[in-house]
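Structural overview
Next come the chains, spelled out residue by residue.
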Amino acid sequence: DDDDDDEEGGWFLNGGASSSLQLSARSGNGEAKMEQESEERLPQLLTNIHRDNSGAAANASNDRGEQQQSPTLESPAQMKDWMAYQSTNTKYAPHSNHMGRKMDAAYSLKAAQIALSLAKYLGRQFEQDDMDEESRREDLQSIHYEHVIVNNVIVKTEDSGEVVSAELESTSFTSGATNHRSGGNTERRQVLALGMIMYELFTQGDPPPQRIQQSLKSSASASALSFSTSLRISEHSEEDDDRGASGGDRRKNKGDDDDDMDESDQQELFVRKQRLRRCDDEKGKEQSISKLLKLAGVPISICRLISDMLSNRDDNDIGGLFQCDKSVSSFAEVIIDLEQMVDQPKDFLYDTIRLNAKPIVRDKLYSRQKELEQGIELAGRCVMDASSSVKQEVLMISGLSGSGKSSLVNELIAQLTSNGWESLHCKFDQIGRRKPLSTIASAFDSLFLSLLSTENARLCGNDTLGDMRTNLLQSFDEESFPILFHLMPNLRRVVSTDGNSTDMLQTDYDYVFDESAMISSKIRMHNLFYELLKAITSSRGSPMLLFLDDLHWADSASLELISFLIEEMGASITDDPITNDRGTNVFIIGTVRSNEVRSCRNVTVTDRSLQDLSPDDVNVMTSEALCYSQRLTRSLADIIHQKTEGNPFFVKEFLNDLTVENLLAYRFSERTWEWEWEWDEDLIESRAISDGVAEILTRKLLRLSKDQLSGLVMLSCFGSEVSLEVLALVRSSCGNSDIMNTLESAAQARFVERTEEKYRFVHDTILHAAQEAVDENEHMVIMKELLQALLPYGYSDDTILFIVVDLISRVGAERVHDSETRLLYAQLNLTAAKKATNATDFSSASTCVKCGISFLSSDVHWETSYRLSLELLSQSALVEWALGNTEQMMRSLDEVFNNANRLEDTLRAAHVKLAYLRMTGNCLIEAFDYGFQILEQLGESFPATPKNGTIAQEILGTKQLVTGPLNESKLRSLPEMTDSKKKEAMAFLEEMLICSYQSQSIYFPLIACRMVRITLQYGRAKTSCVGLASLALSLVTVFSDFSEGYSLVKTSMNIAGSDKRVLCYITTTAYGMINIWKEPIQAILPQLKDVYNMSLKHGLIDNALASGMFHAYRSFFTGSLLQPLSKEVALFIRNNLERHKRMVMHLSALPVSNGISCLRGSSFGPQYVEEFITEEQLAEALRNKESTVCEGMLAIKMMCSFIFRMLDGVKATARQYLELFERQGSASAQFVNIYRLFYGGLLSLHFYRESRDQFWMDRAAHAIQKMEVWTAESVWNFENKLFLLQAERHYAFGEMDHAAEKYKLAQESSKKHRFVHEEALACELAATFHEKAGNVKFVAELIDRAVNCYQTWGAEGKVRSLLLSP
């Protein structure tokens, strides 16, 4: 009895515990008195628990209940000394356990830290045994379990006493031992030893009961017993068997016949019964241990852990074979428990009673750390220096519904925004047709609204808004702002915050779609968004994350815009010399249910597929939801994983469903005096869920009240979200007294959530469950009621209009029988289609048109609804052409042409057909025939085969009508054209003008003259200036009438007005093909850049490509610095020609790029001059009637060959093509003619000096004659070239003095007019001349000047060649 007293009662004398009970001293009945007293006080103690915990939280200074102190105990210290110091020198806020006893919260946490460090320290030995030989640490010494005692523990204090750790003294190591499991030194025994240390640690010095200490000293011989021996010594009565079967194993019925089992089954049954007996035998003792710990104020989680560690004993057990299921026998289990307590003390260490007896799944990521880190890494790469040549990064995250895609991105956004990032969130929706591009536009609009809020204005400062306003006003013109204001109303407030009320900002959106500008309109819209993104990011000074959620539901217009933005950002990673563009510092993340994004140019797309959670991840999720140890939730988590397959959203809903069905309950246990989670594994495992999470959600919805369910079903009709403004319009519809109140209660149940602007479903799966909660007929009734409620507002509000037409399409024409209602619905769809077309959302427009047509009477709609039918079918042809649906387009066109009553009603469809034929590429002849056919019906006929004399006469006659001193004022005073037939004719003539220019047709000047004559007779139309500029071009190229052409094109620019499409065409014509004959070429290059930028901004791709090509050729031939030009041309080819698949222009630009590489000595050296432009390429260009392309390639080939003196290889080519182009273009005046004649003339004079072949002198004479004519027009551009050709001719004729003079004049003129490359060439040719003439004193100086000029130009390849030449 004395031993029992010491064993069970002596430990109560604990000065460190804050016990409120009067405990007996050492007495035999101390434990009984303690239990009786505790039971009497239990109700009052439970009542005070919440109050005590609140007081502890109020007194604690941080999340872990700690307060700062200045440690005075030396570190390291013996654990007993550390415990004594803590118990006498610290004052921390207490926490209460379920017995009402209090312990310092900070002490509990530090004790848990010590226990965790010891568990890791000891567990390393046994981790070693599972490693291969190479991975083992030879320096890790063995520790015998007998040395794992309190007296050997050393405590170390770190971080000003806030963090503590522990290890064993080195004297406890087993010298020379390498087998950590020898001599009974099992992991189970060391866990038991650690449990005793923890017992004393958490009771602040009281040792565990003597019987526990004795169990560790038991002989190891018990573990050596054979299994058969244990069977004999462990026989038990039938009564024990029955008790074990019924009390512990519900999978085994009492009446089972053991005799029918084989030996292995009998052994398994025996082991099970032995475990149950051990649990029953130890129940009283273990409960005593747990109660002793609880009454000492030890947290319940620690009580459980220590009790289960101390139940792990070897006495009368075969290696732990019969241990109770909750026994802890490995350090891994101990470490997991303690890590949860240390990392999350409020949930897993300190005792709290859950006020809500439901699982609370954390709003955190599980098993997604790798993906999160990769996202942060990609975001970091996205904001690298703009000069780095990295590609734009895009992260696409795919996975099944509920796999946590959005949660992962939201966590990434949270981390990035905490580091100064901005974010835009665009969530696409499967249900509900939105206003075109509204998903993306609303994200921008929300950003503007947040900037305007008082709080953000205070935080960001007025400078941010001011900078953004300045950037926006600089980025957009008076035509762009109304379009953006229409899409983003809050943008108007941003740009006009300072009281700016200019007409530009007050103009309303009133855009009428132009069929001839369909493609340019779409690209213009895309450019507006891109420029907006640049303006925002540059003004904010911080990178931006663009989150595209549920991209698999995105409409085609949004996908096209997103692709454009991605490619533009990829193109602008490096500074673009043409556009002066800079990177946008935007990182794009998209989520999809399957990968919908293909590879893009200039873009690196990183795909990451989210896998389902593993059983361990589900266990962590379950453990944290229940605030219950992972080792205790393992069995439940395994069943949950089996049922949910690890889908995070499914796991959450399944846990909640188990609680609702009372299969998982949080109850107070009278047996343990603890609040515990209880569950029935057999019932949960037998629960069938055929339809996955949808079935659970449907059951959950059906538990709601009728009003709540009706409100959610009504909300689902709008899609995943709907604005508060729309809900206000249907507030009392569908049987709801007030939909707002209904949704508010649904929000409290976590079905939906409310923001400042809208309600939205928490998850798409809930949306789909709400749709399935009622049958189709009831769903249809709800949609019809919503349609009738919203219909009156659809006429004035575009947002409501698209909701209305979406509801109309879902109701369907087959359910609407009233004829007036059908016509009304068809008209509404036509209106929506036009608005979608204006916004370049052709896919939505097509859907609206098809829906509208479906409401027309199938047989007689042309008779009963002629105008509506005509507009719907014409609109159908337009949008189907834009979408590339040629067959549907042709069917719509045929129906219009077959049923229209007059010509005027077919013209809109005729524009579509002509544009289709023109842009198809191989239908130009058919396009000519069809266009002239329409023009003839409009009263404008043309000769079938015009003669040259007829063309010349028409040009000169028209010239007389518009030239003269008063021509500009005369044209300005013309009235606006009012004749509708002639206005249509002008529109078709412009289309035909483009056709003729593309095919280099002789009709080009005739069409230009006709447009001018109609303008003079009927007044000015929008395209009149196009005809005038084309006439100016005809005067220059056909008659070389530079002065009149130059004057006329200036007039057309002055009267062009503000139409950007017309203005871009005219300025491209002026700066690219006319002004070069009058103005210094260096002054024209920046103008071409501006035209290029303006054309791109307004989506005029053909015009942009033409001006960009003009800029590349003129920069190359006129001596622009090669290094920046090389980058510029490469970007132009990559970002424009390749993207828009303009093969002819691509072939034209490549020789420029290769010529630059050749001169710089990079990709192509001098020896490759003959290879990068071959005879086959020249011949193919001629066969394809691309004479301008062929002439440009010939000029570059002759230029590089002459500069590198690779003359023999180009001789045959020059002989073949120079005479050919001289015959074909004797009267032509195009830019490429200049350099074909210049370098052709230099080559001809060289070959003449060698061979005295008159053929070459004739070619040279022709070049000199042309250069004399052009020099008379522009000394700046042509004088130096003329001097050099004349010098070479004098040299060929032996006129040395004249030659020397001309060489000098050529050098001076080249320098004066800033043609550095031609100055170098003049110096080099002069040096060769003087060397041949014997004037050696000039040679070295001239060579040095040539080298310096070539170096300035950037022609390093030529410099090396020149320096190496003899």
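Predicted model, so just to flag it, every value in this text is computed and none were measured.

Some thoughts on the overall build of the protein chain
Broken down by element type, the protein chain carries 62 helices and 17 strands. Split into buried and exposed, the 1366 residues of the protein chain put 56% on the buried side. Within the structure as shown, the protein chain displays about 57,900 Å² of accessible surface, and the carbon and sulfur contribution to it stands at 48%.

Digging into unusual backbone geometry
Positive phi outside glycine occurs at cysteine 627, with the angle close to 55 degrees. Note that cysteine 627 resides in the loop between helix H23 (615-626) and helix H24 (630-644). In this structure, arginine 1205 is a non-glycine residue whose phi angle is positive, near 60 degrees.

Describing the pairing of strand S10 (residues 544-549)
Most of S10 is tucked away, with six of its six residues classed as buried. Of the two faces of S10, the one lined by Met544, Leu546 and Leu548 and the one lined by Leu545, Phe547 and Asp549 are each fully buried.

So, the nonpolar core
Counting 163 residues, the largest nonpolar core has Phe1116 and Tyr1350 as the members making the most contacts within it. Ranked by residues supplied to this core, first place goes to helix H56 (residues 1231-1251) with 12 residues. Residue contacts for phenylalanine 1116: discarding those within four places in its chain leaves Leu1122, Leu1125, Val1152, Gly1155, Ile1156, Leu1159, Ile1196, Met1199 and Trp1353. Counting 93 residues, the second-largest nonpolar core is a separate cluster that includes Leu743, Ala773, Val774 and Leu790.

Re the pattern of salt bridges
Using the criterion set out here, one finds 42 salt bridges in the structure. Its salt-bridge partner being lysine 534, residue glutamate 531 comes within 3.5 Å of it at the nearest N-O pair. Of this pair, glutamate 531 and lysine 534 are both found in helix H21 (residues 518-540), three residues apart, which corresponds to roughly one turn of the helix. The shortest N-O distance in the salt bridge between lysine 835 and aspartate 798 comes to 3.3 Å. Of the two residues, lysine 835 is situated in helix H34 (residues 819-838) and aspartate 798 in helix H33 (residues 798-811); the sequence distance between them amounts to 37 residues. Overall, aspartate 798 belongs to the buried group, its relative accessible area being 14%.

With respect to the packing of aromatic side chains
According to the stated counting rule, one finds 34 aromatic pairs in the structure shown. The interplanar angle of 10 degrees and the centroid separation of 4.7 Å between the aromatic rings of phenylalanine 1117 and tyrosine 1235 together place this pair among those described as stacked. Of this pair, phenylalanine 1117 sits in helix H49 (residues 1101-1117) while tyrosine 1235 sits in helix H56, placing them 118 residues apart in sequence. Taken individually, phenylalanine 1117 and tyrosine 1235 each receive the classification buried, so the pair is uniform in this respect. Members of the aromatic cluster, joined through ring pairs, are Tyr1113, Phe1116, Phe1117, Phe1231 and Tyr1235.

Regarding the environment of leucine 914
One can find leucine 914 in helix H39 (residues 907-920). Its relative accessible area of 0% is what places leucine 914 among the buried residues. The sequence separation of leucine 914 and leucine 924 amounts to 10 residues, and the corresponding C-alpha distance is 9.6 Å.

Overview of helix H25 (residues 648-660)
Its 13 residues give H25 an end-to-end C-alpha distance of 19 Å, which sits within 8% of 18 Å, the value for a rise of 1.5 Å per residue. The element H25 is largely enclosed, with a buried count of 11 among its 13 residues. When H25 is considered as a whole, its buried residues turn out to be Pro648, Phe649, Phe650, Val651, Glu653, Phe654, Leu655, Asn656, Asp657, Leu658 and Thr659. The N-capping residue of H25, defined by a side-chain oxygen 3.2 Å from the backbone nitrogen of phenylalanine 649, is asparagine 647. Asparagine 662, located one to two residues past H25, shows a positive phi value of around 65 degrees.

Comments concerning the sheet that holds strand S17 (residues 758-761)
If you trace the three strands from one edge of the open sheet to the other, you get S15-S17-S16, paired in antiparallel fashion. Each having just a single partner strand, strand S15 (721-723) and strand S16 (752-754) make up the two edges of the open sheet. Neighbour-to-neighbour, the strand axes of the sheet open up by a mean angle of 15 degrees, direction not taken into account. Relative to S17, S15 runs antiparallel, the two sharing three bridges. Within the sheet, the bridge partner assigned to valine 722 lies in S17 and is tyrosine 759. The strands touched by helix H28 (residues 706-716) are S15, S16 and S17; relative to S17, the strand with the most contacts, the crossing angle is about 95 degrees.

Some words on the sheet that holds strand S1 (residues 77-78)
Hydrogen bonds between backbone atoms are what pair the strands of a sheet, whose relative direction is either parallel or antiparallel. Strand order in the open sheet formed by three strands is S1-S5-S6, and the pairing between neighbours is antiparallel. One side of each edge strand has no neighbouring strand; the edge strands of this open sheet are S1 and strand S6 (163-168).

Quick notes on the packing of H23 against H25
Here H23 crosses H25 at 40 degrees, and the two axes come no closer than 11 Å. Considered as vectors, H23 and H25 are oriented oblique to each other. Here H23 runs over H25; the crossing is right-handed. Residue-level contacts link Val618, Met621, Thr622 and Ala625 of H23 to Pro648, Val651, Lys652 and Leu655 of H25. For the contact of H23 with H25, a count of residues per class yields six nonpolar, one polar and one charged.

A closer look at a nonpolar patch on the surface
A cluster of nonpolar residues, Leu956, Val1038 and Phe1039, forms a patch on the protein surface that exposes about 220 Å² of accessible area. Along the polypeptide, leucine 956 turns up in helix H41 (residues 948-962). Here leucine 956 falls in the partly exposed class, since its relative accessible area comes to 38%.

Points about the side chain of glutamine 344
Mapped onto the elements of the fold, glutamine 344 is located in the loop between helix H11 (331-343) and helix H12 (345-348). If we skip the residues at most four places from it in the chain, glutamine 344 touches Leu349, Arg362 and Glu624.

Focus on the confidence of the model for the protein chain
Per-residue pLDDT for the protein chain averages 79, and the proportion of residues at 70 or more is 76%. A low-confidence stretch, residues 219-259 (pLDDT under 50), is modelled with 50 contacts involving residues beyond four sequence positions or located in other chains. Of the regions scoring below 50 in pLDDT, residues 595-601 engages in 11 contacts with residues more than four places distant in sequence or in other chains.

Some words on the environment of arginine 815
Turning to its location among the elements, arginine 815 is positioned in the loop between H33 and H34. When its relative accessible area of 30% is taken as the criterion, arginine 815 is described as partly exposed. The contact partners of arginine 815, leaving out residues within four places of it in the chain, are Glu776, Met780, Lys784 and Arg810. Engagement of the side chain of arginine 815 in a polar contact is seen with the backbone oxygen of valine 811, the distance being 2.7 Å.

Quick word on the packing of helix H37 (residues 866-883) against helix H38 (residues 886-899)
Viewed as axis vectors pointing N to C, H37 and H38 meet at an angle of 150 degrees, and their least axial separation amounts to 8 Å. With respect to H38, the axis of H37 lies roughly antiparallel. The two elements H37 and H38 cross, and the hand of that crossing is left-handed. For the pair H37 and H38, contact is made by Tyr866, Leu870, Leu873, Ser874, Ser876, Ala877, Glu880 and Trp881 and by Gln888, Met889, Ser892, Leu893, Glu895, Val896 and Asn899, respectively. Of the residues belonging to the contact of H37 with H38, the class tally is eight nonpolar, five polar and two charged.

Comments concerning the environment of glutamate 721
Along the chain, glutamate 721 falls in strand S15. Note on glutamate 721: relative accessible area 15%, which makes it buried. Polar contacts involving the side chain of glutamate 721 include one to the side chain of lysine 758, which spans 3.2 Å.

Description of helix H35 (residues 842-854)
Every α-helical turn comprises 3.6 residues, leaving residues that sit three or four positions apart pointing alike. Taking 1.5 Å per residue, 13 residues should reach 18 Å; H35 reaches 18 Å between its end C-alpha atoms and fits that length. Within the sequence span of H35, burial applies to Phe842, Ser844, Ala845, Ser846, Cys848, Val849, Cys851 and Gly852.

Parameters at a glance
Going along each chain's sequence as written, the residues are numbered from 1 onward. Totals for whole chains, interfaces and linings use every residue, but because this is a predicted model, local features are given only for residues with pLDDT of at least 70 and side-chain atom pairs only at 80 or more, for both listing and counting. Water and hydrogen atoms play no part in the side-chain values, which are based on all heavy atoms of the structure. Strands here are runs of E lasting at least two residues and helices are runs of H or I lasting at least four, both read from the DSSP assignment and numbered beginning at the N terminus. Buried, partly exposed and exposed residues are distinguished by accessible area as a fraction of the type maximum, computed with a 1.4 Å probe on protein chains only: under 20%, between the cut-offs, and over 50%, respectively. Here, Shrake-Rupley sampling with a 1.4 Å probe gives the accessible areas, and only protein chains in the shown set may cover a residue. Here, nonpolar core refers to any group of buried Ala, Val, Leu, Ile, Met, Phe, Trp, Tyr and Cys residues whose side-chain atoms link them within 4.5 Å. We call two residues in contact whenever any of their non-hydrogen atoms come within 4.5 Å of each other. The term salt bridge refers to a pairing of a side-chain nitrogen on Lys or Arg with a carboxyl oxygen on Asp or Glu at a separation within 4 Å. Here is the rule: rings of Phe, Tyr and Trp (six-membered ring for Trp) pair when centre to centre is within 6.5 Å. Planes less than 30 degrees apart are stacked, more than 60 are edge-to-face, and the remainder are tilted. A helix is expected to span 1.5 Å multiplied by its residue count minus one. Pairing of N or O atoms within 3.5 Å defines a polar contact, subject to two protein rules: one partner must be a possible hydrogen donor and the other a possible acceptor, and residues neighboring in sequence count only if both atoms are side-chain atoms. Strands pair, by our definition, only if DSSP identifies at least two bridges between them. Here an axis means a line fitted to C-alpha atoms, over the contact stretch when the element is a helix, while the angle between two N-to-C directions is reported on a 0 to 180 degree scale. When an angle is under 35 degrees it counts as roughly parallel; over 145 it counts as roughly antiparallel; between 65 and 115 it counts as roughly perpendicular; any other value is oblique. Left-handed describes a crossing whose near helix is turned anticlockwise from the far helix through less than a right angle; right-handed describes the clockwise counterpart. Under this grouping Gly is polar, as are all residues other than the nonpolar Ala, Val, Leu, Ile, Met, Phe, Trp, Tyr, Cys and Pro and the charged Asp, Glu, Lys and Arg. In this scheme, patches are assembled from residues that exceed 30% relative accessible area and form no salt bridge. Like charges are connected within 9 Å, while nonpolar side chains (Val, Leu, Ile, Met, Phe, Trp, Tyr) are connected within 5 Å. What pLDDT conveys is the predictor's confidence in a given residue, as a value from 0 to 100.

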